[in-house]
Amino acid sequence: MHRWSQLFIPTLREAPADAEVASHKFLVRSGYIRQLGAGIYSYLFMGQRSILKIIDVVREEMNRIGQEFLLPALNPRELWEQSGRWQVMGENMFRLKDRKGADLCLGMTHEEVMTDIARKELRSYKQLPQIWYQIQNKFRDEPRPKSGLIRVRQFTMKDAYSFDIDEAGLDVSYKKHYETYRRIFDRCGLKYAVVEAHSGAMGGSASHEFMCMTDAGEDIVVSCEKCGYAANLEKATSQLAPARDLPGDGAPEEVHTPGMKTIEEVAKFLGVSPTQKIKTLALMQVEPDKKNPGQVKTRPVIVLLRGDHTLNEAKLTSALDGKEFRPMHEEEIQRVFMSPAGYLGPVKVPALAAGAQQLGSVTQAIILDALPLMLADTALKGRKNLVAGANKENYHLKNVTPLRDFHPTEWVDLRNVAAGEGCPNCGGALVVGRAMEIGHIFKLGYKYSKSMGATVLDKDGKEVMPIMGCYGIGVERILTAAIEQNNDADGFWLPPQIAPFDVVITPTNVKDAAIMGAAEGIAQKLEGAGFSVLLDDRDERAGVKFKDADLVGIPYRINVGKKVTEGMVEVVSRSTRKSEDANIPGIETTFARMVRP
RNA sequence: CGGGGCGUAGCGCAGCCUGGUAGCGCACCUGCCUUGGGCGCAGGGGGUCACAGGUUCAAAUCCUGUCGCCCCGACCA
């Protein structure tokens, strides 16, 4: 049993001015954490207790499928050179030198060290599969730490790595993690969605993100409540209600649209819907020039979307094979379109033809390489008689029909899915909401086995590379997500599994021997029944203690007050705020029944 | 990195324009009082005004620079 009067739980009436999100405010106010620097936090008694409870859950579930290691945070440069990530990680990696001048870094993740162990130790397929995990501090020099514990530079991660002999084996290891993660997050009482994520640069491999639905999150998730479909906005697709085309078979025809630049203005002026318009975006692809180091190579990219749609930049980046882009400058637009911005359209614009890149000589390839790319969103496919810019000041074109009047280099899905559109699986209305990533599982394939040279002998005595997976959980994010999902004006409540205490016992007057005696007795009995108990034995007014109890995340409170003379106390649930009287004799069984029905 | 904001007591803030004494609420300490929702009264402690340089008889206040922190955009558990 813990006595509040002897603990350090520095609660605050007011939140620090720079805290924005609920979890940050309450973590500080409840005395869970204190800030040391940007994205660097100390966990005090209550915070650490909760983190340890979360780790207990994670460890218990992980131990069912894997083996716990603990790897050093301090890593030598050479290891990271071998995987190529000494360069790739760039500014995000904390780097330091030892006294001899050798380069070291603080681990951001541990594929390198795990693979190093694997390559030194694993010899035979008979040793596979292996699942190795650890719960350890990670260091990332984030460009912008924010929102309390949500985005920090040092944090606790459960990271796991699997080694299998073949893809079928990896599938099994991956599935084990998927299920384990579900159990962990369920036990932590979180509302979350599992979404398919970017398969990333490694190609072909599966990846799922576990996303907690909360406005404090930094990602946007599209989900269907009907069938359970969920996807990151960067990947989400939808069924669109069919758009009506304008009638007729006419050729493109200029119309005077004086001073009208926006989709809305033009649509209104011409009496058409934005869905009958083409939105033309002029972007410039930018990549490092291989021939002239330090220089950049640019290439215009024309993006066509339906008038009411918006561009998803991540989708475009994927369509450009990961290359970056920026809006075109005014003079670049002038050069490519021979038109002022605001009147751009796809007709008679030079662009690389579909499939043109594959054929032709080297000289042709160089010429083709400079032509603008024209990427059209699939929502425009099969449409006709659209309205688009005429590439001429104050004019638009009517009757623009794709594949007759212009020929995109490629049709791609580029648009943002919007709320209310049809679920791609079942047609149900899609919901768009913010979410925070709490876990990520990933089929790595052979990336590290290959770059770092890990091999084992297979059944036939042939040297083969083990296939890997990696799996991460942000421990602090479980805490922040739980707070974001469970708070009100007075504080927050955590599920008992991850709360620092199961119950706080609040004697209303510590100087009243009957009350205090009863409180002590109840605390003992509950401890005996396996609950973790915080006895608020401080000589404070009841109001102060109630306020603190409401603040600090403990799911249940037992008020011990005047009713002790009748042998009664009140059991209050923090989440529902419902209070129930209970007899003191047998309180441990009554409480157990209320808490674990 | 680009853009914006803020650094005065543990927390929340005022003072700064118009230079001269550092102030308020909460928290903290002592005493009394009170004891079911941050109670009341009285007394008290605590500040190199982020740092450095400059202007001035005199700088929290004006000028310059540096650092730190927060927020908005490109990355991630």
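All figures in this text were calculated on a predicted structure; none of them were measured in a lab. (Residues numbered from 1 in each chain as written. Chains lettered and ligands numbered in written order. Predicted model: local features only at pLDDT ≥ 70, side-chain atom pairs only at ≥ 80, totals over all residues. Heavy atoms only, no water.)

A.B. asks: It is not clear to me how the side chain of glutamate 476 should be interpreted in this structure. Could you clarify?
C.D. replies: Structurally, glutamate 476 is set in helix H12 (residues 475-485). This buried residue, glutamate 476, is left without a salt bridge; arginine 477 holds the nearest opposite charge, at 7.9 Å. (Helix = DSSP H or I, 4+ residues; strand = E, 2+ residues; numbered from the N terminus. Buried < 20%, exposed > 50% of the residue type's maximum accessible area, 1.4 Å probe, protein only. Lys, Arg positive; Asp, Glu negative; His and termini not counted. Salt bridge = Lys/Arg side-chain N within 4 Å of Asp/Glu carboxyl O.)

A.B. asks: What am I meant to see in the pairing of strand E9 (residues 154-164) here?
C.D. replies: Taken across its eleven residues, E9 has ten buried, putting it largely inside the fold. Pairing geometry for strand E8 (residues 130-139) and E9, over ten bridges, is antiparallel. Bridge assignment links glutamine 134 to a residue of E9, and that residue is aspartate 159. The pairing of E9 with strand E25 (residues 467-474) spans eight bridges and is classified as antiparallel. Its bridge partner lying in E25, tyrosine 161 is registered against cysteine 470. (Pairing = 2+ DSSP bridges.)

A.B. asks: Explain the sheet that holds strand E30 (residues 552-553) here, please?
C.D. replies: To summarise the sheet geometry, strands pair through backbone hydrogen bonds and adopt either a parallel or an antiparallel arrangement. Strand order across the open sheet formed by three strands is E26-E27-E30, with mixed pairing between neighbours. Where the open sheet ends on each side, the last strands, each with one partner, are strand E26 (487-488) and E30. Of the pairings in the sheet, the one linking strand E27 (residues 491-493) to E30 comprises two bridges and is parallel in character. Of the residues in E30, the one forming a bridge with phenylalanine 492 is valine 552.

A.B. asks: When you look at helix H2 (residues 45-62) in this model, what are you seeing that I'm missing?
C.D. replies: Along its 18 residues, H2 runs 25 Å from first to last C-alpha, staying within 8% of the 26 Å computed at 1.5 Å per residue. Among all positions in H2, only Met46, Gly47, Ser50, Ile51, Ile54, Ile55, Val57, Val58, Glu61 and Met62 are buried. In this structure, the buried side of H2 is in contact with strand E3 (40-43), E8, E9, helix H6 (167-187), H12 and E30. (Expected span 1.5 Å × (residues − 1). Contact = heavy atoms within 4.5 Å.)

A.B. asks: Sorry, what's going on with the environment of lysine 462 here?
C.D. replies: Its location among the elements puts lysine 462 in the loop between strand E23 (456-457) and strand E24 (463-464). On the basis of relative accessibility, which here comes to 52%, the residue lysine 462 falls in the exposed class. A sequence separation of 338 residues divides lysine 462 from serine 124, and the C-alpha atoms of the two residues are 9.9 Å apart.

A.B. asks: So what exactly am I meant to see when it comes to the nonpolar core here?
C.D. replies: For soluble globular proteins, the rule of thumb is that nonpolar side chains tend to be buried together. Membership of the largest hydrophobic core comes to 61 residues, with the highest contact counts inside it found for Phe185, Leu190, Ile478 and Leu494. For this core, the leading source of residues is H2, giving seven residues. Ignoring anything within four residues of it in the chain, the contact list for leucine 494 reads Tyr32, Ser50, Leu479, Ala482, Ile483, Ala499, Pro500, Gly553 and Pro555. (Core = buried A, V, L, I, M, F, W, Y, C linked by side-chain atoms within 4.5 Å.)

A.B. asks: What should I look at first to understand unusual backbone geometry in this one?
C.D. replies: Trans peptide bonds make up most of the peptide bonds, and negative phi angles are found at most residues other than glycine. Between leucine 128 and the following residue, proline 129, the backbone shows a cis peptide bond with an omega angle of 0°. With respect to the helices and strands, the residue proline 129 is situated in the loop between helix H5 (111-121) and E8. Positive phi values are uncommon outside glycine, yet asparagine 385 reaches one of about 55°. In this structure, asparagine 385 sits in the loop between strand E18 (373-377) and strand E19 (386-392).

A.B. asks: How do you make sense of the protein's contact with RNA strand B when you look at a structure like this?
C.D. replies: Near RNA strand B lie 47 residues; those nearest to it are Ala17, Arg144, Arg151, Asp550 and Glu570. Taking the atoms of RNA strand B that fall within 4 Å of the protein, sugar and phosphate contribute 47% of them. Here a sugar or linking oxygen of RNA strand B and a side-chain polar atom of glutamate 14 are 3.2 Å apart. Within the contact set of RNA strand B, a phosphate oxygen lies 3.2 Å away from a side-chain nitrogen or oxygen of histidine 440. When residues of the surface near RNA strand B are traced back to their parent elements, those giving at least two are strand E2 (33-37), E9, strand E22 (430-445), helix H14 (542-551) and strand E31 (556-560). Of the residues contributing to the surface near RNA strand B, the split by class is 14 nonpolar, twelve polar and 21 charged. (Near = heavy atom within 4 Å. Polar contact = N/O pair within 3.5 Å; in protein donor to acceptor, adjacent residues only side chain to side chain. Nonpolar A, V, L, I, M, F, W, Y, C, P; charged D, E, K, R; others polar.)

A.B. asks: I tried to follow the pattern of salt bridges on my own but got confused; where do I start?
C.D. replies: Any two side chains of opposite charge can pair, given that their charged atoms come close. Per the stated rule, a full pass over the model turns up 42 salt bridges. Residue arginine 85 is joined to glutamate 111 by a salt bridge in which the shortest nitrogen-to-oxygen separation is 2.8 Å. Here glutamate 111 lies in helix H5 and arginine 85 lies in helix H4 (residues 85-88), a separation of 26 residues in the sequence. Overall, the relative accessible area of 9% leaves arginine 85 in the buried class. Assessed through its relative accessible area of 5%, glutamate 111 is described here as buried. Across the pair arginine 85 and glutamate 112 runs a salt bridge, and its minimum N-O distance is 2.7 Å. On the criterion of sequence distance, the pair formed by arginine 85 in helix H4 and glutamate 112 in helix H5 is long-range, its members being 27 residues apart.

A.B. asks: When you look at the packing of aromatic side chains in this model, what are you seeing that I'm missing?
C.D. replies: Centre-to-centre distance and the angle between the planes together describe a pair of aromatic rings. Following the criterion strictly, the structure yields 14 aromatic pairs and no others. Ring geometry for phenylalanine 185 against tyrosine 192: centres 5.6 Å apart, planes inclined by 65°, an arrangement best described as edge-to-face. An identical accessibility class is assigned to phenylalanine 185 and tyrosine 192; each is buried. Taken together, a centroid distance of 6.4 Å and an interplanar angle of 40° make the contact between tyrosine 192 and phenylalanine 210 tilted. Of this pair, tyrosine 192 sits in strand E10 (residues 192-196) while phenylalanine 210 is found in strand E11 (residues 207-213), placing the two residues 18 residues apart along the sequence. In this pair, the class of tyrosine 192 matches that of phenylalanine 210, namely buried. (Phe/Tyr/Trp six-rings, centres within 6.5 Å; stacked < 30°, edge-to-face > 60°.)

A.B. asks: Would you mind going over the state of the cysteines with me for this structure?
C.D. replies: Within the structure shown, the criterion is met by zero disulfides. Free cysteine: cysteine 212, not disulfide-bonded; nearest cysteine sulfur from cysteine 188 at 9.5 Å. With a relative accessible area of 0%, cysteine 212 lands in the buried category. With no disulfide partner, cysteine 227 has as its closest neighbouring cysteine sulfur the one in cysteine 423, 3.6 Å distant. Classification of cysteine 227 by relative accessible area gives partly exposed; the value is 39%. (Disulfide = S-S within 2.5 Å.)

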